[in-house]
There are 2 protein chains.
Amino acid sequence: MFRHIVLLKWTDDATEEQRAEVARRLNELPGVIPEIRTYQIGLDAGVNQGNFSFAVTAEFDSPEDYVVYRDHPAHLAVIEECIAQILAARAAVQYAL
Amino acid sequence: MFRHIVLLKWTDDATEEQRAEVARRLNELPGVIPEIRTYQIGLDAGVNQGNFSFAVTAEFDSPEDYVVYRDHPAHLAVIEECIAQILAARAAVQYAL
């Protein structure tokens, strides 16, 4: 398996509606991109100051399948239409399990 | 369950020995901190430019158990003795599963 983790930090002026729309739209992707094996979204619990806002953990059979997800038009549409407007910072790692 | 994800980026001059020492020392923590339920380390596979270097995903029964790990002397020792010297950037999220 090949795991993708991305952590996103929203801008201070991101609304609750904008944050919820990102989660809603991303959660549609497993139904659209068959290469996704597992897909999990998490909203930061607020235990620590300075944390990022949002986590996505996804698993794929291979790096190639991850790239299909990365470059899929449905995924790019969520980035362009929902994420880009409220993105303050991004951190990502992919690794083989 | 309560999940902790942290992504770390190493400085450009971090050596292979320093990177390996972080992984080795962190992997000792599940044997020392009984609150840790699962603990997984990942080294970035190099698929994407600009990625962070290193991922830790850990699961706990509760936010309180995560805080035990966060503040445990054995964990703080790894941060102080191994991670701080080569840390260029850090991103973290904790969330309830």
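Remember, it's a predicted structure, so these values are computed and weren't measured experimentally.

Observations regarding the overall build of chain A
Part 1 of the reasoning: If you tally the helices and strands in chain A, you get 3 helices and 4 strands.
Part 2 of the reasoning: For a compact globule of 97 residues, the expected C-alpha radius of gyration is about 13 Å, and chain A comes in at 13 Å, within 12% of that figure.
Part 3 of the reasoning: C-alpha atoms of chain A, sized along the principal axes, occupy 35 × 25 × 15 Å.
Part 4 of the reasoning: Taking all 97 residues of chain A together, the buried fraction comes to 48%.
Part 5 of the reasoning: One way to put it: in chain A the 8 positive side-chain charges average out to a point 3 Å from where the 15 negative ones average out.

Quick look at the relation of the copies chain A and chain B
What relates the two chain copies is a rotation about an axis together with a slide along it.
Part 1 of the reasoning: Least-squares fitting of chain A to chain B yields an RMSD of 0.0 Å, with the superposition described by an axial translation of 0.0 Å and a rotation of 180°. On this basis, the relationship between the two copies can be described by a two-fold rotation axis. Relative to the rotation axis, the closest C-alpha in chain A is found at A91(A), a distance of 3.3 Å.
Part 2 of the reasoning: A high fraction, 100%, of the interface residues of chain A reappear at the interface in chain B, so the copies pair face to face through one surface.

Focus: the interface of chain A and chain B
Part 1 of the reasoning: Residue-level contacts link 28 residues of chain A with 28 residues of chain B.
Part 2 of the reasoning: Roughly 2,100 Å² is buried in total at the junction of chain A and chain B, and carbon and sulfur atoms are behind 57% of that figure.
Part 3 of the reasoning: For the pair chain A and chain B, the number of links is 0 salt bridges.
Part 4 of the reasoning: Contributing elements (two or more residues each) for the side of chain A that touches chain B: β1 (2–10), β2 (38–43), β3 (54–60), α2 (63–70) and β4 (87–96) of chain A.

A word on the UniProt feature "domain: Stress-response A/B barrel" (unreviewed entry) in chain A
Part 1 of the reasoning: With numbering matched to this structure, UniProt assigns "domain: Stress-response A/B barrel" (unreviewed entry) to residues 2–95 of chain A.
Part 2 of the reasoning: Across residues 2–95 of chain A, the secondary structure splits into 33% helix and 33% strand, with the terminal C-alpha atoms separated by 6 Å.

Overview of the environment of C82(A)
Residues and elements named next belong to chain A.
Part 1 of the reasoning: Structurally, C82 is set in helix α3 (residues 73–83).
Part 2 of the reasoning: With relative accessibility at 8%, the residue C82 sits in the buried group.
Part 3 of the reasoning: With 62 residues separating them in the primary sequence, C82 and A20 have C-alpha atoms 9.7 Å apart.
Part 4 of the reasoning: Among all residues touching C82, those that are not within four sequence positions of it are E21, V22, R25 and A77.

Rules of the game
Residues numbered from 1 in each chain as written. Chains lettered and ligands numbered in written order. Predicted model: local features only at pLDDT ≥ 70, side-chain atom pairs only at ≥ 80, totals over all residues. Heavy atoms only, no water. Helix = DSSP H or I, 4+ residues; strand = E, 2+ residues; numbered from the N terminus. Rg over C-alpha atoms; globule rule 2.2 N^0.38 Å. Buried < 20%, exposed > 50% of the residue type's maximum accessible area, 1.4 Å probe, protein only. Lys, Arg positive; Asp, Glu negative; His and termini not counted. Charge placed at Lys NZ, Arg CZ, Asp CG, Glu CD. Least-squares fit on C-alpha atoms with pLDDT ≥ 70 in both. Contact = heavy atoms within 4.5 Å. Buried area = accessible area lost by both parts, 1.4 Å probe. Salt bridge = Lys/Arg side-chain N within 4 Å of Asp/Glu carboxyl O. UniProt positions renumbered as here; feature names shortened; annotations may be inferred.

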